[in-house]
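One letter stands for each residue in the lines below.
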Amino acid sequence: MRLAPTSNAMDYPTLHAIALHGAAPSGVREVASPAAENIQVQVRVRPLNEFERNRGDHECVHVSEDGRTVQFVAPLAQADRMRSAALNAKANIKALTFDGALCGSSQARVFESARVEQLLRDALAGFAVTVFAYGQTGSGKTFTMSGPESLDLGEDGAPAPLESSAAGLMPRALGQLFSLLGSRQDGRLPAGCSVRASYLELYNESINDLLNPDSTNLQLRWQVKTGAFVENLLQVDCESVIDAMAVFNEGTRNRKVGSHLLNKDSSRSHCMMSLYVQRADLGGPEGRISFVDLAGSERLSESHTAGDALKETGHINKSLFALGNVISALADARRRGGYIPYRDSKLTRLLMDGLGGEGRTLMLACCSPSSHHLDETLNTLHFASRSKNIQNRPVVQQVDTSGTLVQQMQAAMRSLHEENAALRSRLESPLSESPRRSAAPSCALGAGCVAAVPSPSTKQGLELTALRQASWGHTPRIRSLSEPLTPSPPRSHPFRVKRRSWPRCGRRTVSLRRQTISSSDRKRL
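Residues numbered from 1 in each chain as written. Predicted model: local features only at pLDDT ≥ 70, side-chain atom pairs only at ≥ 80, totals over all residues. Heavy atoms only, no water.

Asks: Just give me the short version of the nonpolar core, but keep the residues and values in it.
Replies: Of all hydrophobic cores here, the largest spans 47 residues; its most connected members are Val43, Leu323, Leu355 and Met363. For this core, the secondary-structure elements that each account for two or more residues are strand 4 (40–45), strand 6 (69–73), strand 9 (128–135), strand 10 (193–203), helix 10 (308–331), helix 11 (346–350), strand 19 (360–367) and helix 12 (374–387). Sorting elements by how many residues they give to this core places helix 10 first, with eight residues. Aside from chain neighbours lying at most four places away, what touches Met363 is Ile39, Gln40, Val41, Gln42, Phe132, Tyr134, Phe383, Ala384 and Ser387. Residues Ala173, Cys193, Leu211 and Cys271 belong to the second largest nonpolar core, which totals 43 residues. (Core = buried A, V, L, I, M, F, W, Y, C linked by side-chain atoms within 4.5 Å. Buried < 20%, exposed > 50% of the residue type's maximum accessible area, 1.4 Å probe, protein only. Helix = DSSP H or I, 4+ residues; strand = E, 2+ residues; numbered from the N terminus. Contact = heavy atoms within 4.5 Å.)

Asks: Hey, could you go over the packing of aromatic side chains for me, with residue numbers and the actual values?
Replies: Within the structure shown, the criterion is met by one aromatic pair. For the pair Tyr134 and Phe383, a centre-to-centre distance of 4.0 Å together with 15° between the ring planes defines the contact as stacked. Linking Tyr134 in strand 9 with Phe383 in helix 12, this pair joins segments that are 249 residues apart in sequence. Accessibility classification places Tyr134 together with Phe383 in one group, the buried group. The side chain of Lys256 reaches across the aromatic face of Tyr203, ending 5.1 Å from its centre. One Lys or Arg, Arg360, reaches over the ring of Phe127 and ends 4.2 Å from the middle of that ring. (Phe/Tyr/Trp six-rings, centres within 6.5 Å; stacked < 30°, edge-to-face > 60°. Lys NZ or Arg CZ within 6 Å of the ring centre and 35° of its normal.)

Asks: Describe the packing of helix 10 against helix 12, with residues and values.
Replies: Following both chains from N to C, one finds helix 10 and helix 12 inclined at 45°, their axes separated by 9 Å at the closest point. Considering the angle they form, helix 10 stands oblique to helix 12. Classified by chirality, the crossing of helix 12 by helix 10 is left-handed. Contacts between helix 10 and helix 12 involve Leu323, Gly324, Ile327, Ser328 and Ala331 from the former and Phe383, Arg386 and Ser387 from the latter. Grouping the constituent residues of the contact of helix 10 with helix 12 by class yields four nonpolar, three polar and one charged. (Axes fitted to C-alpha atoms, helices over the stretch in contact; angles between N-to-C directions. Parallel < 35°, antiparallel > 145°, perpendicular 65-115°, else oblique. Left-handed = near helix turned anticlockwise from the far one by under 90°. Nonpolar A, V, L, I, M, F, W, Y, C, P; charged D, E, K, R; others polar.)

Asks: Which residues make up the packing of helix 5 (residues 116–124) against helix 7 (residues 169–181), and what values do they have?
Replies: For the pair helix 5 and helix 7, interaxial distance at closest approach is 10 Å and the crossing angle is 55°. With respect to each other, helix 5 and helix 7 are oriented oblique. Of the two elements, helix 5 crosses helix 7, and the hand of that crossing is right-handed. Residues Val116, Glu117, Leu120, Arg121 and Leu124 of helix 5 touch helix 7, and the partners they reach there are Leu169, Ala173, Gln176, Leu177, Leu180 and Leu181. By residue class, the composition of the contact of helix 5 with helix 7 is eight nonpolar, one polar and two charged.

Asks: Residue-level account of the side chain of Glu201, with values.
Replies: With respect to the secondary-structure elements, Glu201 resides in strand 10. There is a polar contact of 2.7 Å between the side chain of Glu201 and the side chain of Ser269. (Polar contact = N/O pair within 3.5 Å; in protein donor to acceptor, adjacent residues only side chain to side chain.)

Asks: An account of the pairing of strand 12 (residues 220–223) is requested, with residue identities and associated values reported.
Replies: Direction of pairing for strand 12 relative to strand 13 (residues 227–230): antiparallel, over a ladder of four bridges. Paired with Gln223 across the strands is Gly227, a residue of strand 13. In sequence, strand 12 turns back onto strand 13 through a hairpin of three residues. (Pairing = 2+ DSSP bridges.)

Asks: Got a sec to walk through the sheet that holds strand 7 (residues 93–97)? Specific residues and values, please.
Replies: Strands belonging to one sheet form pairs held by backbone hydrogen bonds; the direction of such a pair is parallel or antiparallel. Here we have three strands laid out as an open sheet, ordered 5-6-7, and antiparallel in their pairing. The open sheet is flanked by strand 5 (61–63) and strand 7, the only strands paired with a single partner. The sheet shows a mean angle of 25° between the axes of neighbouring strands, direction not considered. With five bridges connecting them, strand 6 and strand 7 associate as antiparallel partners.

Asks: Go over helix 5, please, and point to the residues and values.
Replies: Every buried residue of helix 5 is listed here: Val116, Leu119, Leu120, Asp122, Ala123 and Leu124. Along its buried surface, helix 5 packs onto helix 4 (107–113), strand 9, helix 7, strand 17 (270–279), strand 18 (287–293) and strand 19. Of the residues trailing helix 5, Gly126 is marked for its positive phi of about 110°.

Asks: Tell me what's going on with the pattern of salt bridges, and back it up with residues and numbers.
Replies: Counted by the stated rule, this structure contains 16 salt bridges. Between Arg46 and Glu52 there is a salt bridge whose closest N-O contact spans 2.8 Å. The same class applies to Arg46 and to Glu52, which are both buried. In this structure, the salt-bridge partner of Glu201 is Lys256, at a minimum N-O distance of 2.8 Å. Of this pair, Glu201 sits in strand 10 while Lys256 is found in the loop between helix 8 (241–253) and strand 15 (257–258), placing the two residues 55 residues apart along the sequence. When salt bridges with common partners are traced through the structure, they connect Glu37, Asp122 and Arg360 into a single cluster. (Salt bridge = Lys/Arg side-chain N within 4 Å of Asp/Glu carboxyl O.)

Asks: Explain the side chain of Ser206 residue by residue, including any values.
Replies: Residue position: Ser206 is located in strand 11 (residues 206–209). When sequence neighbours within four positions are dropped, the list of residues in contact with Ser206 reads Glu201, Asn217 and Lys346.

Asks: Got a sec to walk through unusual backbone geometry? Specific residues and values, please.
Replies: Even without being glycine, Arg115 reaches a positive phi, approximately 55°. Note that Arg115 resides in the loop between helix 4 and helix 5. The phi dihedral of Asn232 falls on the positive side, at around 65°, and the residue is not glycine. Tracing the chain through its elements places Asn232 in the loop between strand 13 and strand 14 (234–237). For Asn232, a relative accessible area of 42% gives the class partly exposed.

Below, the structure is given as C-alpha cells:
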C-alpha cells in the first residue's frame, strides 16, 4: 500500500490549449454516449425502531409488490378533516414511482437491486460514477452505505458474501471491484491494473482528509481534464482488497459523529470515498467511482441541539439546501440551459459531475416509515422524484495512445519558439544609420514610419509593437535616440467639411456645410 498526494499542478501547454480552444487538452479524446440518460433513483424504507414502536408510531409508507412504487398517506388540510376517517384514508393515498424501492430488505438485496456491479463495470470502462445517499437524520443512510461499526469480514479481508452479513454497500463494492479485476495467487492485483483510494469529509464547509487527520481545510480546485478535485488530498494505492478495506475502516473511524434526540449516532459531516481504477493492460482509460454519505437534515425543534452541534446543524442544512436548489434547477426543463448554482456550496461542486454533468449517478433515498416523521419523509420522496428528471451525458475521457495530438502540439510550440527567437534577434541586432537603409522595402503606412532603438525599460513594449508591425507586413525604419523627431503634418479636423469647386459657375466655390449659393449662380441655374 503506497501513499501519494494528489497532483495539484497544471502545465503551461495545458493552460494554453484551454485558453485557445476551451476544450480538453491534447492527448485526451472525449467519447460521448449516444444520448442523455436520467439519474437512477432507489428508495429504501427502513422498519420501525424500538423507540418509535414504544412511542406508538404507525407505518405510513409502504412499498408495492412491483418493487418500484412507494405509497404514502398525504397530510390532510383542515377542511378535509371534517369528513369521515374512512373516506379520508382512501382519497388521500398517494404514490410515486422510482427505479426501485425496498422495504426492510437485507444489505445484500440492496446491493443487488441498486445494480452496483454494473456501476463498477462502468467505472472500469472509464466513466465517472457517483453513488450518494440522501435522507433525514436517523433514516438509515450510513447503515446502508457502510453497515454497522463491526463488519463481518472473511479471511481475505473482504465482506462475507452471506445473506446474513450486515456489511454495507461500500465494503461490498470494494470486494466486488477486486473480483472483477482478478487477482494473482498472492492476492495482489494483476499487472497493468491499478486502484487508488481517497477519503474526505465536508465538515462545517471545510474539507478534511480522513486518511490524514492533520490535513484540514483543504482547497477545492477545478481542472478541465478531471473536473473538481481537492488539492493535496492523500491517495492510497491499494494492491489488494485488504488495503482497500483498511482505507475504508480508517476513514470511517475518523469521521465526525454526534448524538441528539433524533439519532444517537448522527453523522455530523458529509463524507466521500473515491476509487480511481484503471486497466492499463487492456488500454482502457482511468475511471472513478465515488460513494457519498450525506449528513441528514434536522429540525432544531426536534433535535434540540445546542453549542457546537447547533453550528454543525446549520452548516448541514445550508449545504443540503444548496443541493436542493441545484436539483430543482436541473430537474426543470425550462432552466437546464440557464444558470445552475453549483458554486453556492462545496458539496454541490464536489457532485458537479454526477448532477447534470458527464458521469453516471445512483441516488439512494432513505426514508423512515414512522408517522411522526411524515413531513420529512415526504420531503425526501419529493426530492427523489425531482432527481429522476435530471439528465446526465456520460463521457469517457480516453488517452490518445498514438501520441498524434501530443506531437502536433509540440510541433506548434517549436514553431512559436522559433518565431519568437527570430523577432527578438531582429530587435537586438545593431543596425546602421546609413542612408542606404532607405533602400529597404517601403512601409505600408508611409515614409514617416520610424521606430526608436529599444532601451531596457521599453524592451518588452517594443517587442509587442514589433509583433504587430510584422503582422502588418512592413519593416519600420530604425532611428537613434539622438535623431530629432520629424513633426507630422497637421491634420484637418475630422468633422470639418472641405470646400469643393462648383462646376460651370461664375462663383466657383460654395460652402457644402451651409449649402449657400450666390444670387448670380441661382440665375444661371
